[in-house]
Amino acid sequence: MAKQSGSEQLNQIVERLLGRPASVEARGFSPAERDVSVSRASALGVLADVARELHGLPRSEFKARLKADLEK
Amino acid sequence: LKATRKESASQAGATDERLLVEAAQKDSARFTELYEANFERVYAFISRRVRSRVDAEDITAEIFQHALANLKRFEWRGVPFAAWLYRIASNTLSDRWQRASREQGTAAADDPPDPHAHANPEEVERRAQLFRFVATLPADQRRVIEMRFAEEKSIAEIARELKRTAGAIKQLQFRGIRALRDRMDKTSAGDAQRKKPAKKLAAKSGERNG
């Protein structure tokens, strides 16, 4: 089986992350996450941590709309 | 010397914030400056405590509306303005869950999320910083990161919209996340470097006192 590229492996982690609420990230690793054989210390593991933190990134459209509402 | 600089920078930051708060108390139009400085913090705090993006947005809006309406009551006591916003956030979450519990009966009350859980300010600050760094990415990486993580679009959807291949989108996602990691590492290294002289001083002071 051909070895997957880093971008492909990271994308699989992101797919799993986006499949559940952002609030779950605060509770640590889920069993699904442990299935991904990625050590937290590995290069990919470090990127997975960043992806986990990014889950729940605010929408820039929401930020702009709320600012406009506050200015009214 | 660096520790003194950091202390001075922190004092200057507090003074700036105090001036911003006072300006907004006199003229509510200036509140948007406080909003810009704290939006990511509040959102980072809230998004880990609620189950959906809709709730995160509703509650974030409620917090800033409440802060604006009650800004005149805020008294500067040297505590960062964000601490006041976090208190409003915790109260807003508690009120919401109590209301939901009453409306839905025991089902909602069975497992009420704790509004004070994971309230580590450093963790919230780190996540807010990461959110802010997204705006500093090259345009194509930023667009992909926003579409993927904020708009929660699939790789296929993004590829279609940006007229790129799925492989190219995955590469941009990878590079964007790696660039964010590098920015976060630089920030952490800078913080550690600034803390070192303070630690050495503390150790020396301990030796003298011990």
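(A) Spotlight on helix H7 (residues 139–150) of chain B. Residues and elements named next belong to chain B. Look at H7: 15 Å from first C-alpha to last across 12 residues, which is about the 16 Å you get at 1.5 Å a residue. Those residues of H7 lying buried are Gln-141, Val-144, Ile-145, Glu-146, Met-147, Arg-148, Phe-149 and Ala-150. Glu-152 occupies a position one or two residues after H7 and carries a positive phi of about 55 degrees.

(B) Up close: the nonpolar core. Formed by 60 residues in total, the largest nonpolar core has its most connected members in Leu54(A), Phe31(B), Ile46(B), Phe64(B), Phe81(B), Phe149(B) and Ile177(B). If you look at the next biggest cluster of nonpolar residues, it comprises 7 residues, including Val144(B), Met147(B), Ile155(B) and Leu172(B).

(C) Here's a closer look at the interface of chain B and chain A. Contacts between chain B and chain A engage 39 residues on the former and 36 residues on the latter. Across the interface of chain B and chain A, roughly 3700 Å² is buried in total on both sides, 65% from carbon and sulfur atoms. Counting the surface chain B buries against chain A, the share from its top three residues, Arg48(B), Phe149(B) and Phe174(B), is 18%. If you look at where chain B meets chain A, you find 7 salt bridges. Across the chain B-chain A interface, the total number found is 14 residue pairs in polar contact (both at pLDDT 80 or more).

(D) Spotlight on the confidence of the model for chain A. Taken as a whole, chain A shows an average pLDDT of 80; of its residues, 68% reach a score of 70 or greater. In the model of chain A, helix H2 (residues 31–35) of chain A stands out as the element of lowest mean pLDDT, 48, in contrast to helix H4 (residues 60–71) of chain A, which has the highest, 96.

(E) Geometry of the packing of aromatic side chains. Counted according to the given criterion, the structure contains 11 aromatic pairs over all chains. With centroids separated by 4.9 Å and ring planes inclined at 75 degrees, the aromatic side chains of Tyr35(B) and Phe64(B) adopt a geometry described as edge-to-face. Here Tyr35(B), found in helix H2 (residues 31–47), pairs with Phe64(B), found in helix H3 (residues 53–69); they are 29 residues apart in sequence, far enough to count as distant. For the pair shown, Tyr35(B) and Phe64(B) are each scored as buried. Among the aromatic residues, ring-to-ring pairing joins Phe62(A), Phe31(B), Tyr35(B), Phe39(B), Tyr43(B) and Phe64(B) into one connected group. Over the ring of Phe45(B) we find Arg49(B), and its NZ or CZ is 3.9 Å from the ring centre.

(F) Summary view of the environment of Arg183(B). Residue and element names in this part refer to chain B. Its place among the elements puts Arg-183 in helix H9 (residues 166–209). Separated by 49 residues in the primary sequence, Arg-183 and Val-134 have C-alpha atoms spaced 9.9 Å apart. The contacts of Arg-183, once residues within four sequence positions are left out, are Phe-133, Thr-136 and Leu-137. In this structure the side chain of Arg-183 is engaged in a polar contact, spanning 2.9 Å, whose partner is the side chain of Thr-136.

(G) The arrangement of the pattern of salt bridges in detail. Residues and elements named next belong to chain B. Under the counting rule described, the total for this entry stands at 24 salt bridges over all chains. With its nearest N and O atoms 3.1 Å apart, the salt bridge here joins Glu-62 to Arg-96. One end of the pair, Glu-62, is in helix H3; the other, Arg-96, is in helix H4 (residues 81–104), and 34 residues separate them in sequence. Using a relative accessible area of 23% as the deciding quantity, one classes Arg-96 as partly exposed.

Reading guide: rules and limits
Residues numbered from 1 in each chain as written. Chains lettered and ligands numbered in written order. Predicted model: local features only at pLDDT ≥ 70, side-chain atom pairs only at ≥ 80, totals over all residues. Heavy atoms only, no water. Helix = DSSP H or I, 4+ residues; strand = E, 2+ residues; numbered from the N terminus. Expected span 1.5 Å × (residues − 1). Buried < 20%, exposed > 50% of the residue type's maximum accessible area, 1.4 Å probe, protein only. Core = buried A, V, L, I, M, F, W, Y, C linked by side-chain atoms within 4.5 Å. Contact = heavy atoms within 4.5 Å. Buried area = accessible area lost by both parts, 1.4 Å probe. Salt bridge = Lys/Arg side-chain N within 4 Å of Asp/Glu carboxyl O. Polar contact = N/O pair within 3.5 Å; in protein donor to acceptor, adjacent residues only side chain to side chain. pLDDT = per-residue confidence, 0-100. Phe/Tyr/Trp six-rings, centres within 6.5 Å; stacked < 30°, edge-to-face > 60°. Lys NZ or Arg CZ within 6 Å of the ring centre and 35° of its normal.

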